[in-house]
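Next come the chains, spelled out residue by residue.
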Amino acid sequence: MTFTPDKIEEFNHLVTAASKIIITAHKSPDGDSIGSSLALYHYLKNEHENVVICHPDKAPHFLNWLTGFDEIETYEESPEKIENHFIEADLIFCLDYNSPGRIGKMDDLLEKSSAKKIMIDHHRDPNVEFVDLMFSDHTICSTAQMIFELIEARQTLFQIDQAIAESIYTGIITDTGSFRFSSVTPKTHEIGAFLINKGLSHSKIHEAIFDNNSENRVKLTSFAMLEKLVVLKEFNVGYISLSANDLDRFDAKKGDTEGLVNQVLSLEGVKMAVFFKESDGIIKISMRSQGEIPVNNLARNNFHGGGHLNAAGGKFVGKLEDAIQKFVTILPKFVEENKSVF
Ligand code: 5GP
Ligand code: MN
C-alpha cells in the first residue's frame, strides 16, 4: 500500500502547515504530468488558498482544453516569477519525476529551497534524498492514478468534480496508451468507471486528445514513416530520427512527435522502437519495448536516462548521426544480453 494512514497523516500535517504550495512536474510535460498537476491543483484549492503550478516548460497544445491549463506557470516563459514562487513556497510537490535532474533549469531552485517536499511518482529507483515525504510506486500506471488514490486515502472522493475527473482521466489514458499497457490493473479500470459515474465524458476526452491533429503534424508523421524509418529485422528493432531541419519543415510544435515511437513499435516483428529527435541542441531519445525488454536499462546505461521497463528515454550530446551510430553499435550486445526476451 502506497498511501498508508501514517503517511496520509504526515501529508495532512504538511499541507495544513504550509502557507504557500507549489506543484512541479518534469520537463517536456506529457498528459500525465499535466493531468496529475492540474488534478492536484484543483483538489488542493478546496482546502488551501495559495497553490501555484510551476513547470519547467510549456505544455503541449493538445492539452489546452483542460480546465486550469492557462494557470500553469512556466520557467521557460517567466523565470523570475517562478524563482519568486520557489522563494515563497514552504511546500513543494514533485509530480511524475523522482530526481531533481528531471526538471531542467528549475533543479537549482528546488535543491536550494528549504521548503518541505512531497514526491508523488511512479518511476523506478527514486532518489529518496531530496524529499521529505515520498509516495513512490512503479507498479501504478500513472501519477494521475496516484492522485486519485491519494484523494481516496484521504476519504475525500466526494471532492472529485469535473475538472479533477478530466485531469485524472487524461493522465491515465496518455500514460497507458488508452488502457492498453501492462501497467493497467483492475484498479485503473475501476477509477475509469468511478469517473464516468461522476459524469465524465470519456469519448469527449479521447476526441480532444487524439482527434485534434494539425495537418502539419499528420504530414510530419507520414514523412517520418516514409523517409526515416529503419527496421533492423535481425534484431527486431525499428527506429526513426528527425533533425531540427525536418521539424522546422513541418513547423513542428511541442507534442507533435508524441506517440511517434509507438507507431514504430506497431510494426510486425518490431519489439523495440527508438526515436531520435534533435531538439535544443541535443538529441532526445525515446524508447519503447514489448514484453520484458528493459529499455530503461539501455537508456540509463548509455544515454544518461532511465524510465520504465517498456518506456524510457535519455539524451545524447552531439550530432544526430552520432547518436544513431552509438545506438547501432551497442545494440547487438544489448540484444544478446536480453536474448530470452527479444
Ligand atoms: P518519452 O519517450 O515519452 O519522452 O519518455 C518516456 C519515459 O522515459 C518517461 O516517462 C520517463 O520515465 C523516461 N524518460 C524520458 N526521458 C528521460 C530522461 O532524460 N531521463 C530519465 N531518467 N528518464 C527519462
Ligand atoms: Mn507518468
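For the structure, check the block above.
Residues numbered from 1 in each chain as written. Chains lettered and ligands numbered in written order. Predicted model: local features only at pLDDT ≥ 70, side-chain atom pairs only at ≥ 80, totals over all residues. Heavy atoms only, no water.

With that out of the way, let us pick up unusual backbone geometry. The phi dihedral of Phe 179 is positive, around 70°, even though this residue is not glycine. Within the secondary structure, Phe 179 sits in the loop between α6 (162-175) and α7 (186-197). Of the residues examined, Phe 179 reaches a relative accessible area of 19% and is grouped as buried. (Helix = DSSP H or I, 4+ residues; strand = E, 2+ residues; numbered from the N terminus. Buried < 20%, exposed > 50% of the residue type's maximum accessible area, 1.4 Å probe, protein only.)

Here we take up the coordination of the manganese ion (ligand 2). Taken together, Asp 32 (OD), Asp 96 (OD), His 122 (NE2) and Asp 175 (OD) make up the full set of protein donors to the manganese ion (ligand 2), lying 2.2 to 2.3 Å away. In the primary structure, the donors to the manganese ion (ligand 2) are separated according to the pattern D-x63-D-x25-H-x52-D. Taken as a pair, His 122 in the loop between β5 (116-121) and β6 (133-136) and Asp 175 in helix α6 lie far apart in primary sequence, 53 residues in all. (Donors = N, O, S within 2.8 Å, 3.2 Å for Na, K, Ca; no water.)

For an α-helix the count is 3.6 residues per turn, leaving residues at separations of three or four pointing the same way. Taking 1.5 Å per residue, 13 residues should reach 18 Å; helix α9 (residues 215-227) reaches 18 Å between its end C-alpha atoms and fits that length. When we look at burial in α9, the residues that qualify are Arg 217, Leu 220, Thr 221, Phe 223 and Ala 224. Projected down its long axis, α9 shows its buried positions confined to an angular sector of 160°, all on one face. More than 90 degrees from the buried face of α9, the exposed residues found are Glu 215, Leu 226 and Glu 227. Contact partners of the buried residues in α9: β8 (237-242), α10 (244-249) and α11 (260-265). (Expected span 1.5 Å × (residues − 1). Arc of directions from axis to C-beta. Contact = heavy atoms within 4.5 Å.)

A word on the site of ligand 1. Near ligand 1 lie 14 residues; those nearest to it are His 123, Lys 284, Ser 286, Arg 288 and Ala 312. Between ligand 1 and Arg 288, the relevant distance is 2.9 Å, taken from an oxygen atom to a side-chain nitrogen or oxygen of the residue. Contact between ligand 1 and Gly 313: an oxygen atom at 3.2 Å from a main-chain N or O atom of the residue. Burial of ligand 1 by the protein amounts to 79% of the accessible area it has alone, namely 500 Å². At the level of secondary structure, the elements contributing two or more residues to the shell around ligand 1 comprise β10 (282-289), β11 (306-307) and β12 (311-316). Considering each element in turn, the shell around ligand 1 owes the most residues, five residues, to β12. (Near = heavy atom within 4 Å. Polar contact = N/O pair within 3.5 Å; in protein donor to acceptor, adjacent residues only side chain to side chain. Areas by Shrake-Rupley, 256 points an atom, 1.4 Å probe, with all protein chains shown as cover.)

A few words now on the sheet that holds strand β3 (residues 73-74). Strands sit in the order β3-β2-β1-β4-β5-β6 across an open sheet of six strands; the sheet is parallel. Taken across any chain shown, the strands that pair with only one partner, and hence form the sheet edges, are β3 and β6. Against the sheet, helix α1 (residues 5-17) makes contact with β1 (21-25), β4 (91-95), β5 and β6, and its axis sits at roughly 130° relative to β6, the strand it touches most. Relative to the sheet, helix α2 (residues 31-44) contacts β1, β2 (51-55) and β4, its axis offset from that of β2 by approximately 165°. (Pairing = 2+ DSSP bridges. Axes fitted to C-alpha atoms, helices over the stretch in contact; angles between N-to-C directions.)

In this section: the nonpolar core. Here is a general trend for soluble globular proteins: nonpolar side chains tend to be buried in one another's company. Within the largest apolar cluster, 53 residues are counted, with the highest numbers of intra-cluster contacts made by Leu 40, Phe 93, Ile 118, Ile 120, Ile 168 and Leu 195. For this core, the element with the most residues is α2, which contributes seven residues. (Core = buried A, V, L, I, M, F, W, Y, C linked by side-chain atoms within 4.5 Å.)

Another aspect to go through is the pairing of β4. Where burial is concerned, most of β4 is hidden: five out of the five residues are buried. Neither face of β4 is left uncovered, since the one carrying Leu 91, Phe 93 and Leu 95 and the one carrying Ile 92 and Cys 94 both have all their residues buried. Inspection of the sheet shows β1 paired to β4 by five bridges, in the parallel sense. Among the inter-strand pairings, Ile 21 is bridged to a residue of β4, identified as Leu 91. Judged from the five bridges that link them, β4 and β5 form a sheet pairing that is parallel. Looking across to β5, one finds that Ile 92 is bridged to Lys 117. Crossover connection from β4 via helix α4 (residues 107-112) to parallel β5: handedness right-handed. (Right-handed = clockwise from strand over helix to strand, strands pointing away.)

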